[in-house]
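Remarks on the overall topology
One letter stands for each residue in the lines below.
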Amino acid sequence: MKIGGELLNLQTHRKVAKVGMSVTLAAVCVTALGMLGRNKDGFKKWHVASGVAFIGFSLYHAGLYENGFFRNMIVNANKKKAEAKRLASDDKA
C-alpha cells in the first residue's frame, strides 16, 4: 500500500495526537463530573472508554518524538519515497 501526502507529514501526526489528547482529556473530565450525580453507571462506561482513548493518544503522541516508534516509521517511509523518486528520475535520464 502506498501512502503519501499528509500521511507522511510528521507535524500533521503531532497535531492529530495533540487534538486527540485534548478531546479525550475533556471527555474524562466531563464524565468524572457526571459521575457525581445519580446516573453513575451511564457515565462510568464513558469515563473508562475515554480514559483508555486518552492513554492511547498519549502513547501515540510520545511515539512521535525523539526515537519513538511512529516517528521512525514516518521518517523511514519518507526516505523510501525519496529514494524511489530519485531512482525513477535516474531511469528517465
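Residues numbered from 1 in each chain as written. Predicted model: local features only at pLDDT ≥ 70, side-chain atom pairs only at ≥ 80, totals over all residues. Heavy atoms only, no water.

1. Thoughts on the overall build of the protein
For clarity, the threshold we go by: Here a helix means four or more residues in a row that DSSP labels H or I, a strand means two or more in a row labelled E, and each is numbered from the N terminus. Residue contacts are defined here by distance: any two heavy atoms, one from each residue, within 4.5 Å place the two residues in contact. Residue exposure ignores everything except the shown protein chains as possible cover, and the areas themselves are Shrake-Rupley values with a 1.4 Å probe. His is not counted, nor are the chain ends; Lys and Arg add positive charge and Asp and Glu add negative charge. A charge is said to be at NZ when it belongs to Lys, at CZ for Arg, at CG for Asp and at CD for Glu.
The helix and strand inventory of the protein stands at 3 helices and 0 strands. When its helices and strands are written in sequence order, the protein yields α-α-α. With respect to the three principal axes, the spread of C-alpha positions in the protein is 75 × 25 × 15 Å. Sequence-distant contacts, at least 24 apart, represent 56% of the contacts inside the protein between residues at least 6 apart. Accessible surface for the protein amounts to roughly 7100 Å². Of this, 66% is attributable to carbon and sulfur atoms. Computed over 15 positive and 6 negative side-chain charges, the separation of the two mean positions in the protein equals 10 Å.

2. Looking at the environment of Leu 10
Here Leu 10 lies in helix H1 (residues 10–34). Residues Leu 10 and Leu 64, 54 residues apart in the sequence, show an inter-C-alpha distance of 7.5 Å. The residues contacting Leu 10, other than those within four sequence positions of it, are Leu 64, Arg 71 and Ile 74.

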